[in-house]
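Structural overview
Residue strings, one per chain:
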Amino acid sequence: MALESRITQEEIKKEPEKPIDREKTCPLLLRVFTTNSGRHHRADEFARGNVPSSELQIYTWMDATLKELTSLVKEVYPEARKKGTHFSFAIVYPDPRGKVYRLKDIGNTISGRKGADDSMTLQSQRFQIGDYLDIAITPPNRAPPLNPRMRPF
C-alpha cells in the first residue's frame, strides 16, 4: 500500500510565523467596524476617506487570533456574548490599482464553540498595518447568511 503526501507546494513555501514578543513589541491600532445584520459593510462605505460609524479601536498585535478578537468584541457588545453568536471576519484594504477598497473574507468564529478558524492570526491572513477589520455579527437565533461563493443546494 503506497502513501501519498497531501502537502502542497504552497504549504512548503509558506514561511512559519515568527512569534511576537508582546512585552517588547509595540501594539498596533486595529480599526474594527461591526454590523449586527449578519452582513459585512459594503466596500463603498469606506470610500473617499469615509468609514462606517460603528467603529471600535483595539490595540493588539499581528499575532492576535480571531478567537482573541472575538472576546474583545464581546466585552464591548454584551448582546454578542450569547452562545451561538456567529462572527464573520473580513479584512478591508485599499485596492492598489484604484481608489477603492476591497473586502477579503478571512474566517469565522462562533461564541461558545471551538472552530477551525479560532487560531487564525491577522499575520497569517496578510493583514497590513492600516487595513481595517470588518466583523459581521449574527445573533444565535438567526442563521448566518449563505456565503455568496456557496450554492444553497
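Located above this text is the structure these notes cover.
To start, this report covers the structure provided alongside it. Keep in mind that this is a model prediction, so the values were computed, not measured.

Some words on helix H2 (residues 66–76)
Among the residues making up H2, those that are buried are Leu-66, Leu-69, Thr-70, Val-73 and Lys-74. All buried residues of H2 fall inside an arc of 140 degrees around its axis, so they share one side. Turning to H2, the residues buried within the fold contact strand E1 (28–35), strand E2 (55–60), strand E3 (86–94), strand E4 (101–110) and strand E5 (132–138).

A word on the environment of Arg-22
Considering the arrangement of structural elements, one finds Arg-22 in the loop between helix H1 (9–13) and E1. Here the alpha-carbon distance between Arg-22 and Trp-61, two residues 39 residues apart in the chain, equals 7.4 Å. Ignoring sequence-local partners within four residues, the contact set of Arg-22 consists of Trp-61, Asp-63, Ala-64 and Glu-68. Only 2.8 Å separates the side chain of Arg-22 from the side chain of Asp-63, close enough to count as a polar contact.

A short note on unusual backbone geometry
Excluding glycine, residues mostly carry a negative phi; peptide bonds, for their part, are mostly trans. The phi dihedral of Arg-126 falls on the positive side, at around 60 degrees, and the residue is not glycine. Within the secondary structure, Arg-126 sits in the loop between E4 and E5. Under the relative-accessibility criterion, Arg-126 is labelled exposed at 70%.

Focus: the packing of aromatic side chains
For the coordinates displayed, the defined rule picks out 5 aromatic pairs. Residues Tyr-101 and Tyr-132 carry aromatic rings whose centres are separated by 5.9 Å and whose planes lie at 20 degrees to one another, so their mutual orientation is stacked. Remark: Tyr-132 occurs in strand E5 and Tyr-101 occurs in strand E4; sequence separation between them is 31 residues. Assessed through its relative accessible area of 22%, Tyr-101 is described here as partly exposed. Ring-pair connections join several aromatic residues into one group, and the members of that group are Phe-33, Phe-46, Tyr-101 and Tyr-132.

What counts as what
- Residues numbered from 1 in each chain as written.
- Predicted model: local features only at pLDDT ≥ 70, side-chain atom pairs only at ≥ 80, totals over all residues.
- Heavy atoms only, no water.
- Buried < 20%, exposed > 50% of the residue type's maximum accessible area, 1.4 Å probe, protein only.
- Helix = DSSP H or I, 4+ residues; strand = E, 2+ residues; numbered from the N terminus.
- Arc of directions from axis to C-beta.
- Contact = heavy atoms within 4.5 Å.
- Polar contact = N/O pair within 3.5 Å; in protein donor to acceptor, adjacent residues only side chain to side chain.
- Phe/Tyr/Trp six-rings, centres within 6.5 Å; stacked < 30°, edge-to-face > 60°.

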